[in-house]
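Remarks on the overall topology
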Amino acid sequence: MTDISSVARLSEPLKFAYWVPNVSGGLVVSTIEQRTGWDFEYNKKLARIAENSGFEYALTQTRYAASYGADKQHEATSFSLALLAATERLKVISAVHPGMWHPGVLAKYIITADHISNGRAAVNIVSGWLKAEFENFGLEWLEHDERYVRTEEFIRVLRGLWTEQEYSQSGKYYNITDFTLQPAPVDVPGRAHPEIFFGGNSTAAQATAGRVADWYFSNGKDLEGFKENIAGVVASAGEAHRGTPGALASLSSSHLPSPRFGLNGFVIARDSEKEARDTLREIVEKAHKPAVDGFRAAVQEAGASTKDGKGMWADSSFEDLVQYNDGFKTQLIGTPEQIAERIVEYKKIGVNLFLTGYLHFQEEVAAFGTDVLPIVRELEAGLARKHDVELDLSQTPAAKVEVAA
Ligand SMILES: Cc1cc2nc3c(=O)[nH]c(=O)nc-3n(C[C@H](O)[C@H](O)[C@H](O)COP(=O)(O)O)c2cc1C
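Residues numbered from 1 in each chain as written. Predicted model: local features only at pLDDT ≥ 70, side-chain atom pairs only at ≥ 80, totals over all residues.

**A short note on the overall build of the protein**
Using the following cut-off: The helix count covers DSSP runs of H or I at least four residues long, the strand count covers runs of E at least two residues long, and both are numbered beginning at the N terminus. As a reference, a globule follows 2.2 Å times the number of residues to the power 0.38, and the radius of gyration itself is taken over C-alpha atoms. Three classes are used. A residue is buried when 20 or more other C-beta atoms lie within 10 Å of its own, exposed when 12 or fewer do, and partly exposed in between, with C-beta atoms placed from the backbone. Contact between residues is assigned whenever the C-beta positions, reconstructed from backbone atoms, fall within 7 Å.
For the protein, the count of helices and strands is twelve helices and eleven strands. What you see for the protein is a C-alpha radius of gyration of 20 Å, in line with the 22 Å of a compact globule of 405 residues. Counting only C-alpha atoms, the protein reaches 60 × 50 × 40 Å along its principal axes. Here the protein holds 405 residues, and the buried ones make up 50% of them. A fraction of 76% describes how many contacts in the protein between residues 6 or more apart in sequence connect residues 24 or more apart.

**Some points on the packing of helix H2 (residues 76-86) against helix H3 (residues 103-116)**
Applied cut-off: In this analysis an axis means a line fitted to C-alpha atoms, helices contributing only their contacting stretch, and an angle means the value between N-to-C directions, from 0 to 180 degrees. Reported orientations rely on four angle classes, namely roughly parallel under 35 degrees, roughly antiparallel over 145, roughly perpendicular from 65 to 115, and oblique for the rest. For any pair of crossing helices, the crossing counts as left-handed if the nearer helix is rotated counterclockwise from the farther one by less than a right angle, and right-handed if it is rotated clockwise. Under the convention adopted here, Pro, Cys and the residues Ala, Val, Leu, Ile, Met, Phe, Trp and Tyr are nonpolar, Asp, Glu, Lys and Arg are charged, and Gly plus all remaining residues are polar.
Packing of H2 against H3 brings their axes to within 9 Å, and their N-to-C directions diverge by 15°. Classified by the angle between their axes, H2 and H3 sit roughly parallel to one another. Classified by chirality, the crossing of H3 by H2 is right-handed. Of the residues in H3, those in contact with Thr77, Leu81, Leu84 and Ala85 of H2 are Tyr109, Ala113 and Ile116. Looking at the contact of H2 with H3 residue by residue, the class counts come to six nonpolar, one polar and no charged.

**Regarding the packing of helix H7 (residues 223-239) against helix H11 (residues 336-349)**
A packed helix pair is summarised by two numbers, namely the angle formed by the two axes and the spacing between the axes. Viewed as axis vectors pointing N to C, H7 and H11 meet at an angle of 30°, and their least axial separation amounts to 10 Å. Relative to H11, H7 is oriented roughly parallel. Between H7 and H11 the crossing geometry is right-handed. Residues Leu223, Phe226, Lys227 and Ile230 of H7 pack against Glu345, Tyr346 and Ile349 of H11. For the contact of H7 with H11, the residue count by class is five nonpolar, no polar and two charged.

**A few points about H11**
In plain terms, the rule: Helix span, expected: 1.5 Å multiplied by one less than the number of residues in the helix.
Across its 14 residues, H11 extends 21 Å between first and last C-alpha, which sits within 8% of the 20 Å expected from 1.5 Å per residue. Within the span of H11, buried status applies to Pro336, Ile339, Ala340, Ile343, Val344, Tyr346, Lys347 and Ile349. Contact partners of the buried residues in H11: H7, strand S9 (260-269), strand S10 (332-334), strand S11 (353-357) and helix H12 (361-386). Backbone geometry just downstream of H11 places Gly350 in the positive-phi region, at approximately 125°.

**With respect to the site of the ligand**
Stated precisely, the cut-off is as follows: Near, as applied to residues and a molecule or strand, means the residue's backbone-placed C-beta atom lies within 6 Å of it.
In the neighbourhood of the ligand, 24 residues make up the surrounding shell, with Val126, Gly199, Ser202, Gly311 and Met312 lying closest. Looking at the shell around the ligand residue by residue, the class counts come to nine nonpolar, 14 polar and one charged.

**What to know about the pairing of strand S6 (residues 175-179)**
Residues in a regular strand project their side chains so that they alternate between the two faces of the sheet. Defined as follows: When DSSP finds two or more bridges between two strands, those strands count as paired.
Here S6 lies mainly on the outside; zero of its five residues are buried. Two elements, strand S5 (residues 167-170) and S6, share three bridges in a ladder whose sense is antiparallel. Directly across from Ser170, in S6, lies its bridge partner Asn175. Where S5 folds back onto S6 in an antiparallel hairpin, the turn is made up of four residues.

**A short note on the pairing of strand S8 (residues 215-218)**
Let me state the cut-off plainly: Handedness rule for crossovers: strands pointing away from the viewer, path from the first strand over the helix to the second running clockwise, crossover right-handed.
Side-chain alternation along S8 places Trp215 and Phe217 on one buried face and Tyr216 and Ser218 on a second face that is also buried. Pairing analysis gives three bridges linking strand S7 (residues 196-199) to S8, with the strands arranged parallel. Residue Phe198 lies in a different strand from S8, and its bridge partner there is Tyr216. Viewed along the sheet, the connection from S7 through helix H6 (residues 203-212) into S8 turns out right-handed.

**Here's the deal with H3**
To keep things clear, this is the line we draw: This arc is built from the directions going out from the helix axis to the C-beta atoms.
With 14 residues, H3 ought to run about 20 Å at 1.5 Å a step, and its terminal C-alpha atoms sit 20 Å apart, in line with that. Looking at H3, one finds that the buried residues are Pro103, Leu106, Ala107, Ile110, Ile111, Ala113 and Asp114. Seen from one end, H3 has its buried residues packed into an arc of 165°, which puts them on one side. Where H3 is buried, its residues meet H2, strand S3 (91-96), strand S4 (121-126) and helix H5 (144-163). Phi turns positive one or two residues past the end of H3, at Asn118, with a value near 55°.

**A closer look at unusual backbone geometry**
Peptide bonds are trans in most cases, and residues, glycine excluded, mostly fall at negative phi. A cis amide bond links Gln182 to the next residue, Pro183, at an omega of 0°. Among the structural elements, Pro183 can be located in the loop between S6 and S7. Positive phi outside glycine occurs at Asn118, with the angle close to 55°. Looking at the secondary structure, you find Asn118 in the loop between H3 and S4. A positive phi is found at His241, a non-glycine position, where the angle reads about 55°. With respect to the helices, strands and loops of the structure, His241 is situated in the loop between H7 and S9.

**Side note on the environment of Glu378**
Locating Glu378 in the fold gives a position in helix H12. Considering only alpha carbons, one finds Glu378 and Pro290, 88 residues apart in sequence, at a separation of 43 Å.

**Some words on the environment of Val212**
As for its placement among the helices and strands, Val212 is situated in helix H6. Expressed as a C-alpha distance, the spacing of Val212 and Ile196, which sit 16 residues apart in the sequence, is 8.7 Å. Every residue in contact with Val212, bar those within four places of it in the chain, is listed here: Glu152, Ile155 and Arg156.

Spelled out as structure tokens, the structure:
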């Protein structure tokens, strides 16, 4: 049994997100059948299924060039905006690279998306690993930790422009003078501005997220592994004197609410554990080996290139890399009961949100809502009661009984 971490929030229901398949080839680098499309019509239907199945967020991927076989890609911010326009409640998190965008242009874009969607726009700031994407565009490829220096400045500019008038910031990468963006983002209770997610695993990533991110997003990890990441982010947030969640009155860095934690997991929910394990085995047996090996070579630019050699993909096996965000490591594989139990073990160590991937997105997102989510809620309610708190479901989207599949 897992101990309850001091950062676990037992009264807050877990949140669920799914990866938007806006790049071709699905989420596993394998020739196994994947009934997952990457086109807009497929994704529009998927987004509607997701918001009717208890999912609160969708996350797009930003990619400009083929890698591990994902040879066609739709651009993340425009795709996210279209999904926002096609849904009613889903929050869509758009992935963006600081090295590709000016933060003022992005801040303005997201404000417009926020108005179109009545306050549902969010961003995931990713510092990048695919060197060729930058170099072949003629953009500078910064050394690993320096990418995070730029990312931190980028996030400070975003937050500044979203919350202040006549905002100025001077730094190594960006210089903003007396800028006021009008309109401001939509005023949504409980949210100071469009939420800022941040994806990264290395020591530099954890430190940066601890100082400036609203949400720290990680690749898949086992329980012990993710505890380490949480500890790294919490230590950095503590040094930056970040406060308790809900402390939104002032947004100077010393009053930012503490970051929350999101973890990637590839879900294989089947009627029996054996069936789920057999599916995993088939995914790995049918892996596209040259693509996985090519991917392994490209990701050496991530955590493996740092001084301490820690970070994303630094300790990934061949099997792990078949799901290119280490989604098997989280082990959301088995019956709905087993998966729900595993999810709640992660809640105990401090996970607030699960980012999920599937083989057959439309069918399996709907099935997650009907088969797994109700068990998660039951287990969460029991866990809360055991510790004398109530699970507060008042703000949580419930799965609708009739899912339009
Ligand atoms: C949840 C999540 C989503 C990510 N999405 C993207 C993406 O869409 N595009 C991209 O180039 N990198 C993406 N990344 C990778 C980051 O850019 C970064 O290269 C990676 O996290 C390596 O970080 P590290 O070197 O600090 O370990 C994502 C990372 C995470 C954890």
